[in-house]
Amino acid sequence: MYLGLDLGTSGVKALLIDAGQTVTGSGHASIDVSRPHPGWSEQNPDDWIGACEEAIADLKAKHPKEFAAVKGIGLSGHMHGATLLDAADKVLRPCILWNDTRSHAEAAALDADPRFRALTGNIVFPGFTAPKLAWVKNNEPAVFAKVAKVLLPKDFLRLWLSGEHISEMSDSAGTSWLDVGKRRWSAHLLAATSLDEKQMPSLVEGTQRAGALRAELASKWGMQAGIPIAGGAGDNAASACGMGTVGAGQAFVSLGTSGVLFAANASYLPNPASAVHTFCHALPNTWHQMGVILSATDSLNWLCEITGKSAGELTAELGETLKAPGGVSFLPYLSGERTPYNDAAIRGAFTGLAHESSRAALTQAVLEGVAFAFRDSLEALATAGTSLTRVTAIGGGSRSRYWLKAIATALQLPVDIPADGDFGAAFGAARLGLIAATGADPLEICTAPRTDATIEPDAALGGVYADAYQRYRALYPAIKVATA
């Protein structure tokens, strides 16, 4: 058996697969996010350990025999988080998360240094790790002075599991300190934030062994001591391993809290001006590109809170048949936006509201707004040299067929729906644990699931969707001026 642990923003998932990659069972535990000030988003790293223990206990209680047979562990987690430790590995402050925008000024200052885009292949976004350390230095100098190690969230779990300070390429590519083409830390970029390589974890590929389970935890859980822990992956690269999105031209669209349009690449293809993320993949000698929107299902969840209705109730009011875009438009910039604008200050908007604008009209506008944000990412990927012929849908929002029809029509691409199963980040992490433990060929393990159904673009609505997308594109400049 092989165990995948995925540290998500809202919880930890523990998933077991057997040697044939059949999912045996899973456990889960929730985590809260703290937002002490506007634009801030933090978590206590100790809560991650508590949630991990809870998820593992849940899984073990349901599958004790299988759990005891674990031979490899893989890790996945939300990216970019700044987990700061002192020389005794004690946490110095709450982790600053991926969707925290407080360091926008520091990010702009680092991005103005041409070495960052040249070496990382990316804009320095406020959500990335390096500007967060610059913010800590500027605002919490006593904390900064004590920083002995900076770990990404999943690698803090690795420290707890193994006692080792190790990371891997896909997650580290989102720090703004990695030379993404050469897959190594950059002394120049670290020095630009008053840090050095001694404060970074060592690096491996996601498929390689990166520590082993401590005897204390093995005894506590009834497992074998020394079980290998894979390097693992950042959450999106782990999901790609779970989906088999590892070869050039393969792509998925993820409708989670944030939204991701992910494309695998056989070579390093940076184009930072497009605000596309260009990162190392979890497999050696592979890279990937991502367009990222910060509020995908979060946009619908926000509308749920406003209306007092569940997501299922809201989307059910739209029926099964895709409708032509109406007069109401929605910009899903509830916490700023990454691709294609790199704008931490922009905020969302409804436009075109009228007396006749019903709750269903608002729901439709939210779904279309997120679909058009994915179209922005598709255009940005094309600018960066990547063209797609189809995508596979994953994430909680992909349960809505109406939403997938809107996305297929907005992108003018077929959207494949995988057969029932769990192919997300925890599954990808378990696959990486299997590879690290057995030495199996990554390409033989990271295969794509069977397609259950394909949603084609609605040919009859292609033209009106194209027109609505152009109206959507015209709104950002107007809203930016209004919020400047």
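Our subject is the structure that appears above.
Visitor: Any chance you could explain the side chain of Glu140 here in plain terms?
Guide: As for its position among the elements, Glu140 is in the loop between α5 (129–139) and α6 (141–145). A polar contact of 2.7 Å, which involves the side chain of Glu140, links it to the side chain of Arg93. Setting aside its immediate chain neighbours within four residues, Glu140 contacts Arg93 and Trp135.

Visitor: How do you make sense of the sheet that holds strand β16 (residues 251–255) when you look at a structure like this?
Guide: The strands that make up a sheet pair up through hydrogen bonds in the backbone, lying either parallel or antiparallel. Read from one edge to the other, the open sheet built from seven strands follows the order β18-β19-β17-β16-β22-β23-β24, with strand pairing classed as mixed. Among the strands making up the open sheet, the edge pair consists of β18 (277–280) and β24 (451–455). Averaged over all neighbouring strand pairs, the angle between strand axes comes to 30 degrees, with direction disregarded. Across the face of the sheet, helix α14 (residues 359–383) comes into contact with β16, β17 (259–265) and β19 (287–293) while running at roughly 145 degrees to β19.

Visitor: Looking at this structure, I do not really get the pairing of β17. What am I missing?
Guide: Sheet faces and side chains relate simply in a regular strand, where the side chains alternate between the two faces. Where burial is concerned, most of β17 is hidden: seven out of the seven residues are buried. In terms of strand pairing, β16 meets β17 through five bridges, oriented antiparallel. In the sheet register, Leu255 faces β17, and the bridge partner there is Gly259. Hairpin remark: β16 followed by β17, antiparallel, with three residues in the connecting loop. Pairing between β17 and β19: seven bridges, direction antiparallel. Paired with Leu261 across the strands is Gly291, a residue of β19.

Visitor: Teacher, can you tell me more about the nonpolar core here?
Guide: Among soluble globular proteins, nonpolar side chains are generally buried collectively. Leu3, Leu5, Ile73, Leu161, Trp177, Leu213 and Trp221 are the most contacted members of the largest nonpolar core, which totals 102 residues. Top element by residues in this core is helix α16 (residues 425–438). It accounts for eight residues. Beyond its immediate stretch of four places on either side in the chain, Leu213 contacts Ile73, Leu161, Ala218, Trp221, Met223, Gln224, Ala225, Gly226, Ile227 and Ile229. In terms of nonpolar packing, the next biggest core, distinct from the first, is built from 56 residues, Leu255, Leu300, Leu378 and Leu388 among them.

Visitor: Before we go on, may I ask you to explain the packing of α14 against helix α15 (residues 401–411) in this structure?
Guide: The geometry of a pair of packed helices is captured by two quantities: the angle between their axes and the separation between those axes. In contact at an axis separation of 9 Å, α14 and α15 are set at 40 degrees when each is read in the N-to-C sense. For the element pair α14 / α15, the angle class is oblique. Crossing of α14 against α15: the hand is right-handed. Contacts from Gln364, Leu367, Val370, Ala371, Phe372, Phe374, Arg375 and Leu378 in α14 reach Tyr402, Trp403, Ala406, Ile407, Ala410 and Leu411 in α15.

Visitor: In this structure, what is going on with the side chain of His288? I would like to understand it.
Guide: Mapped onto the elements, His288 comes out in strand β19. Relative accessible area serves as the criterion here: at 2%, His288 is assigned to the buried category. Only 3.4 Å separates the side chain of His288 from the backbone oxygen of Cys280, close enough to count as a polar contact. Here His288 is in contact with Ala237, Phe262, Ala263, Ala264, Asn265, His277, Thr278, Phe279, Cys280 and His281, once residues within four sequence places are set aside.

Rules behind the numbers
- Note that residues are indexed from 1 along each chain, following the sequence as it is written.
- Predicted model: local features are reported for residues with pLDDT of at least 70 only, side-chain atom pairs are reported and counted for 80 or more only, and whole-chain, interface and lining totals are derived from all residues.
- To get the side-chain values, all heavy atoms of the structure are used, and hydrogens and water are removed first.
- Under the scheme used here, helices are H or I runs from DSSP no shorter than 4 residues and strands are E runs no shorter than 2 residues, and both carry numbers assigned from the N terminus.
- We call two N or O atoms a polar contact when they sit within 3.5 Å, provided that within protein one can donate a hydrogen and the other can accept it, with sequence-adjacent residues counted only if both atoms are side-chain atoms.
- Every residue pair with non-hydrogen atoms within 4.5 Å of one another is taken to be in contact.
- Strand pairing is assigned whenever DSSP detects at least two bridges linking the two strands.
- Under this scheme, a helix contributes an axis fitted over its contacting stretch, all axes are lines through C-alpha atoms, and angles between N-to-C directions fall in the 0 to 180 degree range.
- Partly exposed residues are those whose accessible area sits between 20% and 50% of the maximum for their type, while under 20% is buried and over 50% is exposed, using a 1.4 Å probe and protein chains only.
- Only buried residues count toward a nonpolar core, which is a set of Ala, Val, Leu, Ile, Met, Phe, Trp, Tyr and Cys residues joined through side-chain atoms within 4.5 Å.
- What sets the label is the angle itself: under 35 degrees gives roughly parallel, over 145 gives roughly antiparallel, 65 to 115 gives roughly perpendicular, and the rest give oblique.
- Take the far helix as the reference: if the near one is turned anticlockwise from it by less than a right angle, the crossing is left-handed, and if turned clockwise, right-handed.

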